[in-house]
Amino acid sequence: MTPDKRADYWKANLRYLVVLLVVWFLVSYGFGILLVEPLNAIHLGGYPLGFWFAQQGSIYIFVALIFIYAALMNRLDKTYDVEED
Amino acid sequence: MTELELWSYGIVGATFALYIGIALWSRAGSTREFYVAGGGVHPVANGMATAADWMSAASFISMAGMIAFGGYGGSVFLMGWTGGYVLLALLLAPYLRKFGKFTVPEFIGDRYYSNGARVVAVICLILASVTYVIGQMTGVGVAFSRFLGVSYEWGIAVGMGIVAIYAILGGMKGITYTQIAQYVVLILAYTIPAIFISLTLTGNPIPQLGLGGDYVGDGAGVSLLARLDQVVTDLGFKQYTTQVMGSKLNMFAYTLSLMIGTAGLPHVIIRFFTVPKVRDARYSAGWALVFIAILYTTAPAVGAMARLNLMETIQTGPVGDPQGNLVYDERPDWFKRWETTGLLKFKDWNGDGRIQYYSDGGLAEAKLKLADAKSKNTGIEAAEKAVAAAETKHSATKFAGYGWQGNEMVTVNNDIMVLANPEIAGLPAWVIALVVAGGLAAALSTAAGLLLAISSAISHDLLKGVFMPTITEKNELLAGRLSMIAAILLAGYLGLNPPGFAAGTVALAFGLAASSLFPVIIMGIFFKRLNKEGAIAGMITGIMVTLFYVFQHKGIFFVKGTEFLMPELGMGANWFFGITPEAFGAVGALANFLIAAIVSALTAPPPEHIQHLVEDVRIPRGAGVAVAH
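Nothing here was measured: the structure is a model prediction, and the numbers come from that model.

**Q** I'd like a rundown of the overall build of chain A, residues and numbers included.
**A** The secondary structure content of chain A amounts to three helices and two strands. Sequence-ordered secondary structure for chain A, helices as α and strands as β, is α-α-β-β-α. For a compact globule of 85 residues, the expected C-alpha radius of gyration is about 12 Å, and chain A comes in at 17 Å, more than 25% above that figure. Oriented by its inertia axes, the alpha-carbon framework of chain A measures out at about 55 × 20 × 15 Å. In chain A, buried positions account for 54% of the 85 residues. Taking as baseline every contact in chain A between residues at least 6 positions apart, the subset at least 24 positions apart corresponds to 56%. Each charge class in chain A was averaged separately, 6 positive and 8 negative side chains, and the resulting centres sit 6 Å apart.

**Q** Can you explain the interface of chain A and chain B? Please cite residues and give values.
**A** One widely used convention gives an interface's size as the accessible area the parts lose upon coming together. Facing 46 residues of chain A, the contacting portion of chain B comprises 52 residues. Summed over both partners, the interface of chain A with chain B buries about 4500 Å², with 67% contributed by carbon and sulfur atoms. Summed over the shared surface of chain A and chain B, the number is five salt bridges. Here Glu37 of chain A ties to Lys248 of chain B by a salt bridge, and the two come within 2.8 Å at their closest N and O atoms. Going through the elements one at a time, α1 (3–34), α2 (36–40), β2 (47–48) and α3 (49–79) of chain A are the ones with two or more residues in the side of chain A that touches chain B. Of all the elements, α3 of chain A adds the most residues to the side of chain A that touches chain B, at 18 residues. Residues belonging to the side of chain A that touches chain B are distributed by class as follows: 29 nonpolar, ten polar and seven charged.

**Q** An account of the side chain of Asn407 of chain B is requested, with residue identities and associated values reported.
**A** Residues and elements named next belong to chain B. If you trace the backbone, Asn407 turns up in the loop between α17 (398–401) and β2 (409–412). Exposure remark for Asn407: the relative accessible area of 12% places this residue in the buried category. Each residue touching Asn407, except ones within four places of it in the same chain, is listed here: Trp349, Gln356, Tyr357, Tyr358, Asp360 and Ala364.

**Q** Summarise the side chain of Arg97 of chain B; cite the residues concerned and give the values.
**A** Tracing the backbone shows Arg97 of chain B in helix α5 (residues 75–99). No salt bridge is formed by the buried Arg97 of chain B; the nearest opposite charge belongs to Glu84 of chain A, separated by 6.6 Å. Of the polar contacts made by the side chain of Arg97 of chain B, one reaches the backbone oxygen of Val275 of chain B; its length is 2.5 Å. If we skip the residues at most four places from it in the chain, Arg97 of chain B touches Phe272, Phe273, Val275, Pro276, Lys277, Val278 and Ala281 of chain B.

**Q** Give a description of the nonpolar core that names residues and reports values.
**A** Residues and elements named next belong to chain B. Trp54, Phe60, Leu92, Ile108, Tyr296 and Ile521 are the most contacted members of the largest nonpolar core, which totals 239 residues. Counting residues per element, this core draws most heavily on helix α8 (residues 152–202), which supplies 22 residues. The next biggest cluster of nonpolar side chains, apart from the first, holds seven residues, and it includes Ala366, Leu370, Ala373 and Val387.

**Q** Explain the packing of aromatic side chains to me, using residue names and the numbers behind them.
**A** In this structure the tally under the stated criterion is 37 aromatic pairs over all chains. Ring plane angle 45 degrees and centroid distance 6.5 Å describe the contact between Trp52 of chain A and Tyr60 of chain A, whose orientation is recorded as tilted. Each ring, one from Tyr132 of chain B and one from Phe510 of chain B, has its centre 5.7 Å from the other, and the planes form 65 degrees; the classification is edge-to-face. You can see Tyr132 of chain B sitting in helix α7 (residues 115–147) and its partner Phe510 of chain B sitting in helix α22 (residues 505–526), a full 378 residues away along the chain. Of the two residues examined, Tyr132 of chain B and Phe510 of chain B, each falls in the buried class. An aromatic cluster is built from Trp54, Phe77, Trp81, Tyr85, Tyr132, Tyr254 and Phe510 of chain B, whose rings are joined through pairwise contacts.

**Q** Outline the environment of Val122 of chain B, supporting the account with residue identities and numerical values.
**A** Residues and elements named next belong to chain B. Counting through the fold element by element, Val122 comes out in helix α7. For the pair Val122 and Leu462, spaced 340 residues apart in the sequence, the C-alpha separation amounts to 7.8 Å. Contacts of Val122, omitting those with residues within four sequence positions, involve Pro105, Ala457, Asp461 and Leu462.

**Q** Run through the packing of α5 of chain B against helix α13 (residues 278–314) of chain B, naming residues and quoting values.
**A** Geometry of a packed helix pair, given as the angle between the helix axes and the separation of the axes. Residues and elements named next belong to chain B. As a packed pair, α5 and α13 sit with axes 8 Å apart at the nearest point and diverge in direction by 170 degrees. One way to sum up the angle between α5 and α13 is to call them roughly antiparallel. Contact with α5, carried on its side by Phe77, Leu78, Trp81, Thr82, Tyr85, Ala89, Ala93, Pro94, Arg97 and Lys98, involves Val278, Ala281, Arg282, Ala285, Ala288, Leu289, Ile292, Tyr296, Ala299 and Pro300 of α13 and no other residues of that element. Along the lines of polarity and charge, the residues of the contact of α5 with α13 split into 16 nonpolar, one polar and three charged.

**Q** Which residues make up the layout of surface pockets, and what values go with them?
**A** Residues and elements named next belong to chain B. Taken as a whole, the second largest pocket encloses approximately 590 Å³ of empty space. Looking at the second largest pocket, it is lined by 24 residues, and the ones nearest its centre are Phe69, Phe237, Ser359, Glu365 and Asn407. The set of elements that each furnish at least two residues to the lining of the second largest pocket consists of α4 (57–70), α15 (363–376) and β2. Tallying contributions element by element places β2 first for the lining of the second largest pocket, with four residues. Split by residue class, the lining of the second largest pocket holds eleven nonpolar, nine polar and four charged.

**Q** Describe in detail empty space enclosed by the protein, supporting the description with residues and values.
**A** Rolling a probe over the atoms, with the probe sized like a water molecule, indicates the empty space that remains. Residue and element names in this part refer to chain B. Going through the model one piece at a time under the given rule, you end up with three cavities of 30 Å³ or more. The calculated volume of the second largest cavity comes to roughly 60 Å³. Together, Ala189, Tyr190, Pro193, Ala194, Val302, Val418, Asn421 and Val435 line the second largest cavity. Top element by residues in the lining of the second largest cavity is α8. It accounts for four residues. Classifying every residue of the lining of the second largest cavity gives seven nonpolar, one polar and no charged.

Rules and cut-offs
Residues numbered from 1 in each chain as written. Chains lettered and ligands numbered in written order. Predicted model: local features only at pLDDT ≥ 70, side-chain atom pairs only at ≥ 80, totals over all residues. Heavy atoms only, no water. Helix = DSSP H or I, 4+ residues; strand = E, 2+ residues; numbered from the N terminus. Rg over C-alpha atoms; globule rule 2.2 N^0.38 Å. Buried < 20%, exposed > 50% of the residue type's maximum accessible area, 1.4 Å probe, protein only. Contact = heavy atoms within 4.5 Å. Lys, Arg positive; Asp, Glu negative; His and termini not counted. Charge placed at Lys NZ, Arg CZ, Asp CG, Glu CD. Buried area = accessible area lost by both parts, 1.4 Å probe. Salt bridge = Lys/Arg side-chain N within 4 Å of Asp/Glu carboxyl O. Nonpolar A, V, L, I, M, F, W, Y, C, P; charged D, E, K, R; others polar. Polar contact = N/O pair within 3.5 Å; in protein donor to acceptor, adjacent residues only side chain to side chain. Core = buried A, V, L, I, M, F, W, Y, C linked by side-chain atoms within 4.5 Å. Phe/Tyr/Trp six-rings, centres within 6.5 Å; stacked < 30°, edge-to-face > 60°. Axes fitted to C-alpha atoms, helices over the stretch in contact; angles between N-to-C directions. Parallel < 35°, antiparallel > 145°, perpendicular 65-115°, else oblique. 1 Å grid on protein atoms, 1.4 Å probe; cavity = no way out; pocket = protein on both sides within 12 Å on 5 of 7 lines; lining within 4 Å. Points joined across faces, edges and corners; volume = space filled by probe spheres on them.

Written as structure tokens, this is what we have:
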């Protein structure tokens, strides 16, 4: 693998990380803490929305983020031919 | 023996027999099996073991109660203790798996080409893990003494004995397969009562939906949370869905500390060394969080529902109606049972024979302090002043007009919310027994993981890595087992003689992991330029800053009376932007990052081969990369 390709692979990985971590930050610190009051004006069933993000929603999204990252990286590993076996 | 004790002995005995059976089947024959279970654990199985490893006595027994009384503020535990897995899966686990060694200090020692860095990492690891294991040991002792009629000391001895059998024989291999069994026990024990209580209160068997559903108790069609908000605010408590913990900045810092602490706890990280491939490490973290999320999304439902149940049990009619409060002599059986443990305490301030449970602005507390001062015959005057001030404040509230003279539920322990939940919901004895077995499974699985992290740091990092590099594999395995025995004895000793800081241990463990290990691991992967000097300076700064703030508030090594807050220098309680010591790990981590970066920039870059090592770690394929060098 050439150093250039290696750098490209790492850059693509970092791009994924930035996007996913922005979502990670947004659903917990953003919706769950900083913006909780305005969001609580909206209701999701019996849940005020901000409260829901803090006690339920952020956790579901965390799970989704990890699986999305794993799937993206598997594809990237194949594209750059660096996957194991 | 009561029916409950019979069930408890039966179910706890059966689960212990299962753990020992697994231990005998999964003996470790090599150091690779002892440290990383041979590296062949399926990612889903590892996810389940990680979940049990991670979810401690605190998660299982205390968290729902902290949410029940903290309301929205309790969200910091939910987000903090799950969000760390995103960091772990995206930033740490795959790279550390690729690195392919046995322990966290080993990575730090190799990456920063320094035995010094490795030893500092071992010290940080041992500090964080030992403080954490004390909490598990006391949890085991408490579970035994409350439910099985066994003394606290014997409870700890039995718990240690069980862990010893499978951890010494099987090392990581034995621990992994036991943890899988323990996960199944603890998750059943947690969800079954939750399903019943959700069904009773909301008609929905799924607690996560029930929490957002309608309350069916009075047929008025209001949502459960709206009902709870109404009930608690009527009694002067803060509104459930909006009450914050400290300030929003504190919640922010607290959540961040718990997240990076989670990602930096060595006993969690080493679980990802046990899967066969980098790809598996990524998925395995996802599976771990799935299994954790089942409990963590149920916990807020348990907390809210148990709180509502408790309030309505005591406040039976309209607030202010003389008939509206439960008559003490007619209290339910579970109430009596928990009174004997001291977790619930009643004091009839106004002598009406009924229970008033409300927020009195600190009046009851002041009265109790006065009684205490009188019995000790010191500080009576100050205590009397405090009572008078509280009386004045209280007399302006509507409660004084009802003839109430202070909150009469003088103790309502957090832990009661999970432990008494099945009884409050009227569930059969076997469900309660299952909760006991679940609490023990949570405590034992976490203790075993921590003990392995400690013993491998001693035998692999200190002995093999630094002091006896020529030790044979057979002797290293023996050393691993011996240090496991030593770690178990130490944990047992500290469980029997908690050094007065058992309550603060979890916060401290997280603060230490967050401020010392996490930053240097992350930078080791993502910041090639970071060198030995920077890493060591960073770790030491991070841990010192955190220890300073925690000790300043809670005493040096938590010894009472050695607190050294200095209000005259602007260092009063929570002086740093109102951040509590529990939440300070985030600040320590920030200091670690900064100092490490600055010191690195001022000193020589790491040698060529280290830069190659980092390049290697970043790419999953092993063989191809090695040839390229």
